[in-house]
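Understanding the architecture of this molecule
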Amino acid sequence: MLPVLLMAGAMALAVVAMPRVVAQQPQTQPPEISTTISGDANGAPPRFAVPDFIALSTDAETVEAARTIGRVLFDDLNFEHEFALIPRDIYASIPVGASVSDVPFERWNEINADGVIVGTVQKTDTGIKVEARLYNVRSRQSAFGREYTGAVANRRLFAHQIADEIHQQQRALRGVARTKLTFNSDRDGERMTGTVENRGVKEIYIADYDGENQRRVTTQRSLNITPTWSPDGRSIAYTSYRRGPPNIFISNLYQGTLEELTKGPTQSVTPVWSPDGTRVAFSSTRDGNGNFEIYVANRDGSNVRRITNHPSADITPTWAPSGTQIAFTSDRTGTPQLYVVGADGLGLRQITRESYADRPTWSPAPYNEIAFAARSGPGFDIRILELASGQVRQLTFGEGTNESPAFAPNGRHLAFMSTRAGRAQIFSVARDGRDLKQLTRSGNNGQPDWSK
Amino acid sequence: MATRRTDRLAAWGGALLVALAVGACGKANPPITRPTPPPPPSSTPGSGNGAANSGARPAAPPEPLAEAVIVPPEPVTSDDISSASLDDLNRTSPLKPVFFALDSSDISPEAQAILDQSAATLKRYPAWSVTIEGHCDERGSAEYNLALGERRALAARAYLVSLGLAADRLRTVSYGKEFPFDPGHEEGAFSKNRRAHFVITAK
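Residues numbered from 1 in each chain as written. Chains lettered and ligands numbered in written order. Predicted model: local features only at pLDDT ≥ 70, side-chain atom pairs only at ≥ 80, totals over all residues. Heavy atoms only, no water.

1. A closer look at the overall build of chain B
A count of helical and extended segments in chain B gives nine helices and four strands. Along chain B, from the amino end to the carboxyl end, the secondary structure elements read α-α-α-α-α-α-β-α-β-α-β-α-β. For chain B, with 203 residues in total, the buried portion stands at 36%. Long-range contacts, defined as pairs at least 24 residues apart, comprise 76% of the intrachain contacts of chain B with a sequence gap of at least 6. When the accessible surface of chain B is totalled, it reaches about 10900 Å², and 61% of it is carbon and sulfur. (Helix = DSSP H or I, 4+ residues; strand = E, 2+ residues; numbered from the N terminus. Buried < 20%, exposed > 50% of the residue type's maximum accessible area, 1.4 Å probe, protein only. Contact = heavy atoms within 4.5 Å. Areas by Shrake-Rupley, 256 points an atom, 1.4 Å probe, with all protein chains shown as cover.)

Structure follows, in structure tokens:
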């Protein structure tokens, strides 16, 4: 039985308010012919314009929300490169109408927009109501229309939800605008107690996928590292030294509760959730000889099974999307290399022959890749191994050290730690190496994981 | 302080009982307990003669008891160590850290010399328990460094155990590269950060 500790006082987790935006179909949907907007005949992505949303109420909060939603939606749609976003200064002079049906199509046509997103924000008794409509500029038909209600404090979330729904509806793509990152950070500058050496703490943080809304999850004043999201995005498992030897803790974000997956004087580190969320793989010295091996336990800590058995160290597992295989780092050849083994412990094989490879992260389908940190010169770079062909490509090229890659849930971006800007910070980058973006700036931040 | 002294007296009392028991059994196994040298013959002339004369009558003479209590005074004299608090002790630790080469957990000859001294200290203070922390420099990756730090802690522990220390007095914990001793980014700092650090956790 795994004890669930209801946290109180200074030990309490920061309870994260469950963000909620309610979507509903507007009652009067204009007739639609084709809902999918295409680009030109050469297959170029459709050109979209996303002006500021129209504030139907004049209070400052609504006006600000209308501006924010338009801008965040622009960035969200730009992120996946499924649409060519026309720069906003090009259409700054095009007047926004008074409603979603008052659209100057000839002006949008002049700048060769294939689609334009028109939205309104209206204050309500409980928050705001947001209406968003995507028009096909050529046909002047609505291709997408939705109404959303929610709290004005979540205005970025309205944009994220609209972006995910447009990606899904227009491109059959699972967007990541509502996903989150978790990582460790020493930004608070707090010091550990009970040690003679002057040691700083690391706490677990979360942020939106774009680096906004960074919030602290743990308040343990201890060393907390290697956080990973549960597949449902409601829990984070991580390594914590709060009781001395490192053990695996689970923070349930929306209940404010803490669970201890492993306990005791041996060391358990680097947890990772199985794709179905029912199990956690981790590395542990629990069998007593001090040697790290890979284990799998049920979500409640029961039924611990040993997956590897070798006198060398096996650490930092990652699950295949099917849940049937686990990749991990082992130094059994003398240098750390990546291996794959069945979740039943059978079929072990070495998959890298680098000078040094660590922190494998298995991509989601349809890609069948493992990203990892490879030593290249004085530091590390992010490399990606395609499992079918065995080909390795590189995402970073010697700017600072680059470690701990994590895939976005649709596999199209990665987050990783880099020291290229000085201290250790979290960056995101497209899977082809484009669109590098720094997401954290305060303190040192590392070991990101992207929610599913 | 008072309790510690009592403990020490009790320990010697126990050691003496062992010595006497060994004496009573004649030439049995060599005694395992360290600070129990057999009483020098000069101090026990009566019992030596008695044993030689009466054959199977090794009755334990009470006199050597008082003598033996004074025999091992050496550890007691360095009392600033045994009387220090755990924090003070760890701040000026008598157990010096040992350092490692890049990516290595091999115990170098220099590290052996330091561990030899630590082993002597730990034998002098048999009540001490120690946590051996394994640390790495920033040139390894964060996740694998957890494994490498543990390798270093285990290597130091194995060497101490080979010198006769009880394994259950020596816990290990790996901190990877999370707690550099020197935050610098050059070899001078790196070489200080690749270390096994000893923390006395009980005494």
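2. Overview of the interface of chain B and chain A
Every contact between the two is made by 29 residues of chain B and, on the other side, 37 residues of chain A. Counting each side, the surface lost to burial between chain B and chain A is near 2600 Å², with a carbon and sulfur contribution of 53%. Considering only the side of chain B, the residues that lose the most area to chain A are B:E143, B:Y144 and B:F179, jointly responsible for 28% of the buried surface there. Linking chain B to chain A there are six salt bridges. Across the salt bridge formed by B:R151 and A:D331, the nearest N and O atoms sit 2.5 Å from each other. Across the contact surface, chain B and chain A share 19 residue pairs in polar contact (both at pLDDT 80 or more). (Buried area = accessible area lost by both parts, 1.4 Å probe. Salt bridge = Lys/Arg side-chain N within 4 Å of Asp/Glu carboxyl O. Polar contact = N/O pair within 3.5 Å; in protein donor to acceptor, adjacent residues only side chain to side chain.)

3. Quick notes on the environment of B:V98
Residues and elements named next belong to chain B. Secondary-structure assignment places V98 in strand β1 (residues 98-99). Through-space distance from the C-alpha of V98 to that of H185 is 20 Å; in sequence the pair is 87 residues apart. Setting aside anything within four residues of it in sequence, one finds V98 in contact with A111, I114, L115, R194, R195, A196 and F198.

4. Digging into the layout of surface pockets
Which parts of space are left empty comes out when a probe the size of a water molecule is rolled across the atoms. Each pocket or cavity is described by its volume, and for the largest pocket that value is around 1200 Å³. Along the wall of the largest pocket there are 45 residues; nearest its centre are A:N444, B:E138, B:K177, B:P180 and B:H185. Contributing elements (two or more residues each) for the lining of the largest pocket: β28 (402-407) and β32 (445-450) of chain A together with α9 (187-193) of chain B. Here the element with the most residues in the lining of the largest pocket is β32(A); it accounts for three residues. By residue class, the composition of the lining of the largest pocket is eleven nonpolar, 19 polar and 15 charged. (1 Å grid on protein atoms, 1.4 Å probe; cavity = no way out; pocket = protein on both sides within 12 Å on 5 of 7 lines; lining within 4 Å. Points joined across faces, edges and corners; volume = space filled by probe spheres on them. Nonpolar A, V, L, I, M, F, W, Y, C, P; charged D, E, K, R; others polar.)

5. What to know about unusual backbone geometry
All names here are of chain A. Across the junction of A365 and P366, the peptide omega takes the value 10°, indicating a cis bond. Its location among the elements puts P366 in the loop between β24 (357-362) and β25 (369-376). A positive phi angle, close to 50°, is found at R359, a residue other than glycine. Classification of R359 by relative accessible area gives buried; the value is 9%.

6. Here's the deal with the sheet that holds strand β22 (residues 337-342) of chain A
The four strands lie next to each other as β20-β21-β22-β23 (chain A), forming an open sheet whose pairing is antiparallel. A strand with exactly one partner marks an edge of an open sheet, and here the two such strands are β20 (314-319) and β23 (349-350) of chain A. Strands β20 and β21 (325-330) of chain A of the sheet are contacted by helix α8 (residues 142-162) of chain B, whose axis makes an angle of about 145° with β20(A). (Pairing = 2+ DSSP bridges. Axes fitted to C-alpha atoms, helices over the stretch in contact; angles between N-to-C directions.)

7. Some thoughts on the pairing of β22(A)
All names here are of chain A. Counting buried positions along β22 gives six out of six residues, so the element sits mostly inside the fold. Residues of β22 alternate between two faces, with Q337, Y339 and V341 on one and L338, V340 and G342 on the opposite face, all of them buried. Relative to β22, β21 runs antiparallel, the two being bridged by six bridges. Looking at β22, one finds that Q325 is bridged to G342. Count of turn residues in the β21/β22 antiparallel hairpin: six residues, of which G334 carries a positive phi of about 110°. Bridge analysis of β22 against β23 gives two bridges, and the strand direction is antiparallel.

8. Side note on the pattern of salt bridges
As enumerated under the stated definition, the model contains 41 salt bridges over all chains in all. Salt-bridge contacts for B:E143 lead to A:R359; the nearest nitrogen and oxygen are separated by 3.4 Å. Of the two residues, B:E143 sits in helix α8 while A:R359 sits in strand β24, which places them in two different chains. You'll find B:E143 and A:R359 in the same group, each marked buried. Measuring nitrogen to oxygen at the nearest pair gives 3.2 Å for the salt bridge that ties A:E369 to A:R393. Of this pair, A:E369 sits in strand β25 while A:R393 sits in strand β27 (residues 392-394), and the two are 24 residues apart along the sequence. A:E369 gets classed as buried once you look at its relative accessible area, which sits at 5%. A residue is classified by how much of its surface remains accessible, and A:R393, at 30% relative accessible area, is partly exposed. Taken together, the shared-partner salt bridges in this structure form one network comprising A:D188, A:E190, A:E203, A:R216 and A:R221.

9. Here's the deal with the packing of helix α1 (residues 60-79) of chain A against helix α3 (residues 155-171) of chain A
All names here are of chain A. In the contact formed by α1 and α3, the axes pass within 8 Å of each other and the chain directions differ by 40°. The angle between the axes of α1 and α3 places the two elements in the oblique class. Classified by chirality, the crossing of α3 by α1 is right-handed. Within the contact between the two elements, α1 uses E64, A65, T68, I69, V72, L73, D76 and L77 and α3 uses R155, R156, F158, A159, H160, I162, A163, I166 and H167. Here the residues of the contact of α1 with α3 are counted per class, giving ten nonpolar, three polar and four charged. (Parallel < 35°, antiparallel > 145°, perpendicular 65-115°, else oblique. Left-handed = near helix turned anticlockwise from the far one by under 90°.)

10. What to know about empty space enclosed by the protein
As enumerated under the stated definition, the model contains two cavities of 30 Å³ or more in all. By volume, the largest cavity is sized at about 70 Å³. Within the lining of the largest cavity, the residues separate by chemical class into nine nonpolar, two polar and two charged.

11. As for the confidence of the model for chain A
It should be kept in mind that the predicted coordinates are not to be read in detail where pLDDT is low. For chain A, mean pLDDT is 92; residues scoring 70 or higher make up 93% of the total. Across residues 1-13 of chain A the pLDDT falls below 50, and counting only partners more than four positions away or on other chains, this stretch makes 34 contacts in the model. (pLDDT = per-residue confidence, 0-100.)

12. Remarks on the nonpolar core
Counting 58 residues, the largest nonpolar core has A:F53, A:W108 and A:I162 as its most contacted members. Of the residues forming this core, the biggest block, eight residues, is contributed by α1(A). Counting residues domain by domain, this core receives three or more from each of domain 1 (3-19 + 179-450) and domain 2 (27-171) of chain A. With residues near it in sequence (within four places) discarded, A:F53 still touches A:A66, A:I69, A:G70, A:L73, A:I117, A:G119, A:T120, A:V121, A:V130, A:E131, A:A132 and A:I162. Within the second largest apolar cluster, 24 residues are counted, among which are B:I107, B:L122, B:W128 and B:L170. (Core = buried A, V, L, I, M, F, W, Y, C linked by side-chain atoms within 4.5 Å. Domains from an automatic or database assignment.)

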